[in-house]
Amino acid sequence: RVQGLPTLLLYNNGSPVASHSGAITQNDLEDWLEENLVRMQEEFEQQSISEAVKSKLAEESKDDEEEDGANVGSKRGFVSFASQFDGDDYMLAGI
């Protein structure tokens, strides 16, 4: 009589990030761990890169404001075509 299935849970910072229910061979367990740990490492690296970019942009914005004495950060992500199109500003997507 079956009373339960073995269940593996992989946690990151107290939150479950992957699970496996049922029997698993050693090779399959190693593959499961490698797959999930590599994915977690890639996510961590992406998050670190994103945080570094945000920090660099904030630093540049602060430097720009200090140099000009004005709030140029509010115009970040805009391109002015004043000489050709009567001063219209166009927002750049993704910035």
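Quick caveat, the model's predicted, so the values are computed rather than measured.

Rules used in this analysis
Residues numbered from 1 in each chain as written. Predicted model: local features only at pLDDT ≥ 70, side-chain atom pairs only at ≥ 80, totals over all residues. Heavy atoms only, no water. Helix = DSSP H or I, 4+ residues; strand = E, 2+ residues; numbered from the N terminus. Contact = heavy atoms within 4.5 Å. Pairing = 2+ DSSP bridges. Buried < 20%, exposed > 50% of the residue type's maximum accessible area, 1.4 Å probe, protein only. Polar contact = N/O pair within 3.5 Å; in protein donor to acceptor, adjacent residues only side chain to side chain.

## What to know about the environment of P6
Along the chain, P6 turns up in the segment before β1 (7-12). Through-space distance from the C-alpha of P6 to that of S21 is 5.9 Å; in sequence the pair is 15 residues apart. With sequence-adjacent residues up to four places away left out, P6 is seen in contact with H20, S21, G22 and A23.

## Concerning the pairing of strand β2 (residues 15-21)
In terms of strand pairing, β1 meets β2 through six bridges, oriented antiparallel. Looking at the pairing, L9 lines up with S19 of β2. In this antiparallel pair of consecutive strands, β1 and β2, the connection spans two residues, and N13 shows a positive phi of 55 degrees.

## Side note on the environment of S21
Here S21 is to be found in strand β2. S21 sits 17 residues away from G4 along the chain, and the two C-alpha atoms are 9.9 Å apart. For S21, the contacting residues outside a window of four places in its chain are P6 and T7.

## Section: unusual backbone geometry
At N13, a residue that is not glycine, the phi angle is positive and equals roughly 55 degrees. With respect to the helices and strands, the residue N13 is situated in the loop between β1 and β2. Taking the relative accessible area as the measure of exposure, N13 reaches 76% and is therefore exposed.

## Description of the side chain of N36
With respect to the element layout, N36 can be found in helix α1 (residues 26-68). When its relative accessible area of 6% is taken as the criterion, N36 is described as buried. A distance of 2.8 Å separates the side chain of N36 from the backbone oxygen of W32, its partner in a polar contact.

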